Amino acid sequence: MKKALSIDIGGTKIYAAYVNEAGEIVSDIEKHATPKTSEEIIEKLKEIIANHEKEVEFSAISTAGGVNKENTKVICSTANLPFGYPKTDFSALSNKPVFVENDANCAAWAEYKIGSAKGYDNNITLTLGTGVGGGIIVDGKLLKGKSGVAGEMHFKMSMDKKRHCSCGAYDCFEIYASGNGLRITGIELTGNKDITTYDIIEGVDKGDSTMLRVYNIWQNYIIAGLIGLADIFDPDCIVLSGSMGKFCDVEYMQELVNDEIVTLPTKILHATSGNYAGMIGAALLGFEKFSQACSK
Ligand SMILES: [Zn+2]
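Being a predicted model, the structure only gives us computed values, none of them experimental. (Residues numbered from 1 in each chain as written. Predicted model: local features only at pLDDT ≥ 70, side-chain atom pairs only at ≥ 80, totals over all residues. Heavy atoms only, no water.)

Chemist: Go over the environment of Val 214 with me, naming the residues and quoting the values.
Modeler: Summarising the element assignment, Val 214 is placed in helix H6 (residues 209-233). Spatially, the C-alpha atoms of Val 214 and Thr 196 are 12 Å apart, while their sequence positions differ by 18 residues. Residue contacts for Val 214: discarding those within four places in its chain leaves Leu 182, Thr 185, Gly 186, Leu 189 and Ile 200. (Helix = DSSP H or I, 4+ residues; strand = E, 2+ residues; numbered from the N terminus. Contact = heavy atoms within 4.5 Å.)

Chemist: Tell me about the sheet that holds strand E3 (residues 30-33), and please be specific about residues and values.
Modeler: Read across the open sheet, the 5 strands follow the order E3-E2-E1-E4-E7; overall the sheet is mixed. Each end of this open sheet is capped by a strand with a single partner; those strands are E3 and strand E7 (98-102). Geometrically, the sheet is characterised by an average inter-axis angle of 20 degrees between neighbouring strands, direction not taken into account. Pairing of strand E2 (residues 13-20) with E3 involves 4 bridges; the strand directions are antiparallel. Looking at E3, one finds that Tyr 15 is bridged to Lys 31. Strands strand E1 (3-9), E2, E3 and strand E4 (59-63) of the sheet are contacted by helix H1 (residues 38-52), whose axis makes an angle of about 160 degrees with E1. (Pairing = 2+ DSSP bridges. Axes fitted to C-alpha atoms, helices over the stretch in contact; angles between N-to-C directions.)

Chemist: An account of the packing of helix H4 (residues 179-190) against helix H5 (residues 197-205) is needed here, citing residue identities and associated values.
Modeler: The description of two helices packed together rests on the angle between their axes and the distance between the axes. Between H4 and H5, the shortest axis-to-axis distance is 9 Å and the interhelical angle comes to 75 degrees. With respect to each other, H4 and H5 are oriented roughly perpendicular. For the pair formed by H4 and H5, the contact residues are Gly 179, Leu 182, Arg 183 and Gly 186 on the first element and Thr 197, Ile 200 and Ile 201 on the second. Classifying every residue of the contact of H4 with H5 by side-chain character gives 3 nonpolar, 3 polar and 1 charged. (Parallel < 35°, antiparallel > 145°, perpendicular 65-115°, else oblique. Nonpolar A, V, L, I, M, F, W, Y, C, P; charged D, E, K, R; others polar.)

These values are about where atoms sit, not about what they do.
Right under this line is the structure:
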């Protein structure tokens, strides 16, 4: 079976492994510390690709930031990405083809092909972590929009300028629905500026009433966003992934979402494609793109 070198650029670690056409990781997973500057990240990518490109059909990269329709460049970014990184043409990093895609889009594709959304041609995956990413699949195709960056979860929850988001704007869905959003809700309700998401989740597990209030407010922000997404995209299901996704009460969310939407009921599900969804999704999207190119 054909295989790709797949690379996931995370905030602290870069992972690399071979992934086959079935979405299986078929090698050891290399782990590298993510360098501090964009130039160093590119050098590290070149080094990883040079070590492996002879063994694979192509290289696939999952990264933060919005990626163009050609899957060659990061064309917009949030504060998480080092300055200068968006100028890089990833296709120049290897003698073989290179495919790059936004990490949440990759995670969504992995959920669609091997995870919770398998068999559902209309689905959305939200990656709930420090921030929030999103990938939208419509009629079996990843929605890219006019420039390639559709699915960014920075739609407005209010115009009151209460919370400053990582993207520079105020009151985006992300700054309410993310782990950071949970922490800010915790600060608002307790006055404790040092409170962490861990403290809140631990408090919920112990039945602390204030922490339960914080958690319920956070879940309601997510539900508000899910209602909007369900009405606009009419998905078979919405998958909640990322480090915070597992803390969501999906049955409760599904009930409230379906009470409010005007379309037919949808499913709210936990992700099942695992910690390496970004890497798997990048490779599977690359196989789609490059096998189409070959058959033309
Ligand atoms: Zn934002």
